[in-house]
Amino acid sequence: MKPNDKNEIIELNVGGFNYTTSRTTILSYPDSMLCRMISGQIPTATDTNKRIFIDRDGPIFRHILNFLRDKTLNIPENFNEYAQLRQEADFYQIEPIVAHLDYLFPDKFNSKASLNQSITSLTPAVVNESPGTKDMYFTIISKLHQGTLETLIGSIRIISTINFLEPKSKKFINCLVNPNGSNQSAQLKNLDIFVCEFKFMHEEKMISCKPCGANGKSLDPNLMSLLQTVFRLAKRLGISIGYWEEIFYLGLESAAPNREQFCSILAEKTNAKLLSSCVCDRRGSFEDTNNCSLVERWHINEIVSNN
């Protein structure tokens with residue numbers, strides 16, 4: 001097996017507790033400390049059985065590893081070591097866990113500063129709006145060589161520019177971004193200031209959407225109530241949602257746009273401006289072109305929504 005084979009089995013010794021996982025799982029967050037350890041960017045020690053040794057909290061690490069596997073933080077009901085979990089997530093630089101815990105315990109972790117830092121670390125561009133303005137900053141992540149659109153992080157209003165949404169998904173998005181004439185208007189009117197992570201599932205012809213925090217200016221205490229309203233509306237309109245109601249899925253009538261097509265849509269419907277770009281190189285070999293991503297930061301003043 002090649003040293004950088006994505007299916008390579010990785011054995012870890014974390015504070016005397018042994019874990020077995022795959023390279024793919026560890027690499028799911030390429031900017032994390034764990035990823036740099038596994039890829040050789042940071043020197044590591046090994047135990048007598050050649051496992052990579054990490055001198056950290058062994059029992060807590062299982063929650064870190066399960067998050068990397070499932071992309072969801074599932075904590076037992078009787079769990080009471082949140083401070084330690086946050087400390088370990090901060091050490092491994094798994095920012096979504098840090099942001100989630102900061103939101104759950106705003107008083108415990110002084111969340112206003114740390115949540116903003118965590119979201120900024122998760123993506124170089126977050127929504128940066130205030131009432132009365134249409135300015136938005138967002139991030140597009142695509143395959144460098146193939147041009148395949150992978151992830152979009154920003155306001156839900158940006159998704160309203162997608163022409164390929166199936167009718168019920170289009171109706172759902174329109175209800176969110178234009179919540180006029182409904183009992184939910186008051187709660188939904190500021191939804192677009194929240195950062196969402198949209199992942200394009202090309203084979204399934206779907207877009208998964210996971211709200212991942214408030215804007216960079218303030219922490220809205222009504223976030224949970226607002227999101228509950230969103231998921232109630234999703235259920236009413238027949239939109240598929242995740243088991244834990246932390247994610248919903250938008251159906252597409254046709255294949256998702258690639259980067260070039262999406263940028264053409266932005267040019268048609270907005271005055272989008274590319275601010276910066278960089279390449280995230282996660283290749284195991286020079287020939288590996290699947291693990292090079294183009295990360296772009298964009299700015300928009302105004303959007304013409306689809307009707």
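This report concerns the structure included in the present document. (Residues numbered from 1 in each chain as written. Predicted model: local features only at pLDDT ≥ 70, side-chain atom pairs only at ≥ 80, totals over all residues. Heavy atoms only, no water.)

**Focus on the nonpolar core**
What counts here: What we call a nonpolar core is a set of buried Ala, Val, Leu, Ile, Met, Phe, Trp, Tyr and Cys residues that are connected through their side-chain atoms within 4.5 Å. Buried, partly exposed and exposed residues are distinguished by accessible area as a fraction of the type maximum, computed with a 1.4 Å probe on protein chains only: under 20%, between the cut-offs, and over 50%, respectively. Here a helix means four or more residues in a row that DSSP labels H or I, a strand means two or more in a row labelled E, and each is numbered from the N terminus.
Judged by nonpolar contacts, the single largest core of 36 residues is most densely connected at Phe-172, Ile-173 and Phe-248. In terms of residues, this core owes the most to one element, helix H9 (residues 223-236), which gives six residues.

**Some remarks on helix H3 (residues 58-70)**
Applicable threshold: Helix span is expected to be 1.5 Å times the residue number reduced by one. Distance and chemistry together define a polar contact, namely a pair of N or O atoms within 3.5 Å, with one atom able to donate a hydrogen and the other to accept it when in protein, and with adjacent residues in sequence counting only for side-chain atoms on both sides.
For H3, built from 13 residues, the straight-helix expectation of 18 Å at 1.5 Å per residue is met to within 8% by its first-to-last C-alpha distance of 19 Å. Turning to H3, its buried residues number three or more, namely Gly-58, Ile-60, Phe-61, His-63, Ile-64, Leu-65, Phe-67 and Leu-68. Looking at where H3 begins, the residue whose side-chain oxygen comes 3.1 Å from the main-chain nitrogen of Ile-60 is Asp-57. Two residues or fewer past H3, Lys-71 is found with a positive phi of approximately 60°.

**Examining the pairing of strand E5 (residues 136-143)**
Along any regular strand the residues' side chains alternate between the sheet's two faces. Selection rule: Two strands make a pair as long as DSSP finds a minimum of two bridges between them.
Burial of E5 is extensive: six of the eight residues sit out of reach of the surface. Inspection of the sheet shows E5 paired to strand E12 (residues 292-300) by eight bridges, in the antiparallel sense. When the bridges of E12 are listed, Ile-140 appears paired with Glu-296. Across four bridges, the pairing between E5 and strand E6 (residues 149-154) is antiparallel. When the bridges of E6 are listed, Ser-142 appears paired with Leu-149. Linking E5 back to E6 in an antiparallel pair, the connection comprises five residues, with Gly-147 at a positive phi of about 75°.

**Quick word on the sheet that holds strand E1 (residues 9-14)**
Overall, mixed pairing links the four strands, which are arranged E2-E1-E4-E3 in an open sheet. The open sheet is flanked by strand E2 (17-22) and strand E3 (45-46), the only strands paired with a single partner. Pairing of E1 with E2 involves six bridges; the strand directions are antiparallel. Counted as the bridge partner of Leu-12 is Tyr-19 from E2.

**Side note on unusual backbone geometry**
At Lys-50, a position not held by glycine, the phi torsion is positive, near 70°. Note that Lys-50 resides in the loop between E3 and strand E4 (52-54). Assessed through its relative accessible area of 70%, Lys-50 is described here as exposed. Backbone geometry at Lys-205 places phi at a positive 55°, although glycine is not the residue there. Its place among the elements puts Lys-205 in the loop between strand E7 (195-201) and strand E8 (206-213). On the basis of relative accessible area, Lys-205 is assigned to the partly exposed category, the value being 40%.

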